[in-house]
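Each chain, letter by letter, is given below.
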Amino acid sequence: MRKGFTPTPKLLPKPENKQNPQQVGYCSQGTNADLVWGFTLLELLVSFAILALVVGVSAAFLRASGPSMTLRSASRDIASDLRHASELASSTQITHIVRFNIAASRYIIVRTGTPEVIVKESTLPSALAFSSSTIPNNSAQFNALGATPTPGIITLIHLNSATTTVDLRPSGYVRIQ
């Protein structure tokens, strides 16, 4: 520092018009009370336009992927219910059957015995249907080991013609293709 020099804080000059202290660059000592902060109308409009564009693109994507998500979800539900019937048969040592009603797009899980007990009933979403089934009599039966003597393939179809298959193996293994 130079000899005899003491730094002092610099203040901008006070406005000439004391009624309107909000002039550019004016700041009272030690406060920001006189500064005006905010967004301009143009900045807000640009932000809303960008937000609307992002929402529009994401809505179009979700609308386009909806049918495939519905089909995948239904096939996972069927595979899960087939696995569940296999596990119930294995754990209770009682035969369980999954009966598919192709025409009504429904299926039920039944515990055999006298009387038969319906464990679960399920209906496919309205946009889906069973296309075909190679399971004999449309009934997958699971024995006490969890295996099935009635393997086959169940095909699901969406209204837009997209399909998926659920493959049931003799060991009780279920795979979605």
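Thresholds, definitions, all that
Residues numbered from 1 in each chain as written. Predicted model: local features only at pLDDT ≥ 70, side-chain atom pairs only at ≥ 80, totals over all residues. Heavy atoms only, no water. Helix = DSSP H or I, 4+ residues; strand = E, 2+ residues; numbered from the N terminus. Buried < 20%, exposed > 50% of the residue type's maximum accessible area, 1.4 Å probe, protein only. Contact = heavy atoms within 4.5 Å. Polar contact = N/O pair within 3.5 Å; in protein donor to acceptor, adjacent residues only side chain to side chain. Pairing = 2+ DSSP bridges. Axes fitted to C-alpha atoms, helices over the stretch in contact; angles between N-to-C directions. Bend = angle between axes of the 7 residues up to and from the residue. Core = buried A, V, L, I, M, F, W, Y, C linked by side-chain atoms within 4.5 Å. Salt bridge = Lys/Arg side-chain N within 4 Å of Asp/Glu carboxyl O.

Caption draft 1: View of the overall build of the protein chain. Scanning the protein chain from terminus to terminus reveals one helix and eight strands. Mapped in sequence order, the helices and strands of the protein chain form the string α-β-β-β-β-β-β-β-β. Residues classed as buried in the protein chain amount to 28% of the 177 residues present. Here the contacts in the protein chain between residues at least 6 apart in sequence split such that 44% fall between residues at least 24 apart.

Caption draft 2: Representation of the environment of lysine 120. Inspection of the secondary structure puts lysine 120 in strand 3 (residues 117–123). When the C-alpha positions of lysine 120 and alanine 85 are compared, they lie 9.6 Å apart, and in sequence the two are 35 residues distant. Setting aside residues up to four positions removed in sequence, lysine 120 forms contacts with Asp81, Tyr107, Ile108 and Ile109. At 2.9 Å, the side chain of lysine 120 and the side chain of aspartate 81 are in polar contact.

Caption draft 3: Focus on the sheet that holds strand 4 (residues 128–133). Overall, antiparallel pairing links the four strands, which are arranged 4-6-7-8 in an open sheet. Both edges of this open sheet fall to strand 4 and strand 8 (174–176), since each of them pairs with a single strand only. The mean inter-strand angle of the sheet, taken between neighbouring strand axes irrespective of direction, is 20°. Where strand 7 (residues 163–168) and strand 8 come together, three bridges link them in antiparallel fashion. When the bridges of strand 8 are listed, valine 166 appears paired with isoleucine 176. Lying over the sheet, helix 1 (residues 41–92) contacts strand 4, strand 6 (152–158), strand 7 and strand 8, oriented at roughly 155° with respect to strand 6.

Caption draft 4: Molecular detail of helix 1. The sharpest bend along helix 1 reaches about 45° and sits at glycine 66, with the proline proline 67 one to four residues further on. Burial in helix 1 covers these residues: Ser65, Leu71, Ala74, Ser75, Ile78, Ala79, Asp81, Leu82, Ala85, Ser86, Leu88 and Ala89. Downstream of helix 1 by one or two residues, glutamine 93 has phi in the positive range, about 60°.

Caption draft 5: How the structure looks around the nonpolar core. Residues Ile78, Leu82, Val98, Phe100, Phe130 and Phe142 are the most contacted members of the largest nonpolar core, which totals 22 residues. Every element with two or more residues in this core is listed here: helix 1, strand 1 (96–101), strand 2 (106–111), strand 4, strand 5 (139–142), strand 6 and strand 7. Per element, the largest residue contribution to this core is seven residues, and it comes from helix 1. With near-sequence residues (within four places) excluded, leucine 82 lies in contact with Val98, Phe100, Ala140, Phe142, Ile154, Val166 and Val174.

Caption draft 6: Region of the structure containing the pattern of salt bridges. Evaluated as defined, the whole model comprises five salt bridges. We note a salt bridge from arginine 169 to aspartate 167, for which the minimum N-O separation is 2.8 Å. Among the residues examined, arginine 169 registers a relative accessible area of 31% and is labelled partly exposed. A salt bridge links arginine 175 to aspartate 167; the shortest N-O distance between them is 3.5 Å. Residue arginine 175 is classed as partly exposed on the basis of its relative accessible area, which comes to 31%.

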